[in-house]
Amino acid sequence: MAPEHRSFAPHPTRRALLTAGAATAGAVLVAAAGTPATAAGNPPRPTVIHLPNGFRPEGITIGGGPYAYLGSLGDGSIYRADLRTGEGSVISAGPGTPSVGLKLDHRGRLFVAGRGQGARVVDVRSGRILASYVLTTATPTFANDVFLTARTAWFTDSYQPALYALPLGRRGELPDADEVVTLTLSGAWSQVPGEVVNANGITGTPDGSALLVVQSGVGGLHRVNSRTGVTELVDLGDAAPLTNGDGLLLTGRTLYVVQNRQNAIDVFTLAADGRSGVFQRRITDPLFDVPTTAAAYQGRLYLPNARFTTTPAPETTYDVISVPV
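Remember, it's a predicted structure, so these values are computed and weren't measured experimentally.

Student: Go over the sheet that holds strand S9 (residues 129-133) with me, naming the residues and quoting the values.
Tutor: Across the sheet, which stays open at both edges, the four strands sit in the order S6-S7-S8-S9 with antiparallel pairing between neighbours. The open sheet terminates on both sides in strands that have one partner only, identified here as strand S6 (102-104) and S9. Sheet twist, expressed as the average angle between the axes of neighbouring strands with direction ignored, equals 15°. Two elements, strand S8 (residues 119-123) and S9, share four bridges in a ladder whose sense is antiparallel. Looking at S9, one finds that Val 121 is bridged to Ala 131.

Student: So, the nonpolar core: which residues are in play, and what are the values?
Tutor: Judged by nonpolar contacts, the single largest core of 17 residues is most densely connected at Phe 111, Tyr 133, Leu 135, Phe 155 and Leu 166. Of all elements in the fold, only strand S7 (109-113), S8, S9, strand S10 (143-148), strand S11 (152-157) and strand S12 (162-167) reach the threshold of two or more residues within this core. Setting aside residues no more than four positions away along its own chain, Phe 155 makes contact with Phe 111, Val 112, Ala 113, Ala 119, Leu 135, Asp 145, Val 146, Leu 163, Tyr 164 and Leu 166. Phe 55, Leu 83, Tyr 318 and Val 320 belong to the second-largest nonpolar core, a separate cluster that totals 15 residues.

Student: Pulling in residues and values, what's your account of the pattern of salt bridges?
Tutor: Throughout the structure, instances matching the rule amount to eight salt bridges. One salt bridge in this structure joins Arg 223 and Glu 232, with 3.7 Å as the shortest N-O distance. Residue Glu 232 is classed as partly exposed on the basis of its relative accessible area of 31%. Between Arg 275 and Asp 273 there is a salt bridge, with its nearest N and O atoms 3.2 Å apart.

Student: Summarise the side chain of Asp 123; cite the residues concerned and give the values.
Tutor: With respect to the helices, strands and loops of the structure, Asp 123 is situated in strand S8. The charged side chain of Asp 123 is buried without a salt bridge, its nearest counter-charge being Arg 125 at 4.2 Å. Setting aside anything within four residues of it in sequence, one finds Asp 123 in contact with Gly 108, Arg 128 and Leu 130.

Reading guide: rules and limits
Residues numbered from 1 in each chain as written. Predicted model: local features only at pLDDT ≥ 70, side-chain atom pairs only at ≥ 80, totals over all residues. Heavy atoms only, no water. Pairing = 2+ DSSP bridges. Helix = DSSP H or I, 4+ residues; strand = E, 2+ residues; numbered from the N terminus. Axes fitted to C-alpha atoms, helices over the stretch in contact; angles between N-to-C directions. Core = buried A, V, L, I, M, F, W, Y, C linked by side-chain atoms within 4.5 Å. Buried < 20%, exposed > 50% of the residue type's maximum accessible area, 1.4 Å probe, protein only. Contact = heavy atoms within 4.5 Å. Salt bridge = Lys/Arg side-chain N within 4 Å of Asp/Glu carboxyl O. Lys, Arg positive; Asp, Glu negative; His and termini not counted.

Here is the structure:
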């Protein structure tokens, strides 16, 4: 998992691709969104999964099985949806505070970013909270997203120039409450002061040598040295800024960047070390309504509509939209 840095042959510019494809992209996606291809004898998976009214989703994660887990920005409840049927239920009642980004590990533990309340770990089998963490005493703070490696759970803070690490034991043991590590961001990182969304989505480089963090307000993608916190801007060529960049999803060397209020996902092919990338295409769908994050399962992306431009109310409808990768 540590290939050498590779160079890329010239590709069409992002602007040229967007211009050329604008007239056909919507039609292609609408046609593809009917019934996803499935194995013979299996019913098609739904392309729209309805969530409870008033749920207010933001983060999504999918494990090895056909289940998606989503957190509520309202009361923090965790919802599990069956991707085969679209049915689901709340598996963990929220603590009354938001659940933002979340990731599932292979032990059935859900690591949840809790906005101003730090982080917690939930057992998806029982719904029990296994541990809670105060990530920082700095104010303001906004624990936004999480990324898991074999030995660390990394959390972004949208209001502070820092990442927080929960070091995991050799067998995945959770750390004590006082073992949270703060990694201050430096180098190319320039924090916009105040309650402005800075660090948002987080993932790793294809070769696992560093972290990738999108800075929403300025639209930059940063490669972060996980030992020193020194960052450098990822060279995306003449690609436009990743304005409103939110969730990041890496599969192989393909990076999906969700841009929430643009109702779009931009797709890049990255160099192995994550220092550069080439824009490939933009994914949109007429059913997007401010999607925030993405998870993949069997050739499709699943994105919750956070509907940030709609005033939330108990009767507000929310759903998850599925599109082909």
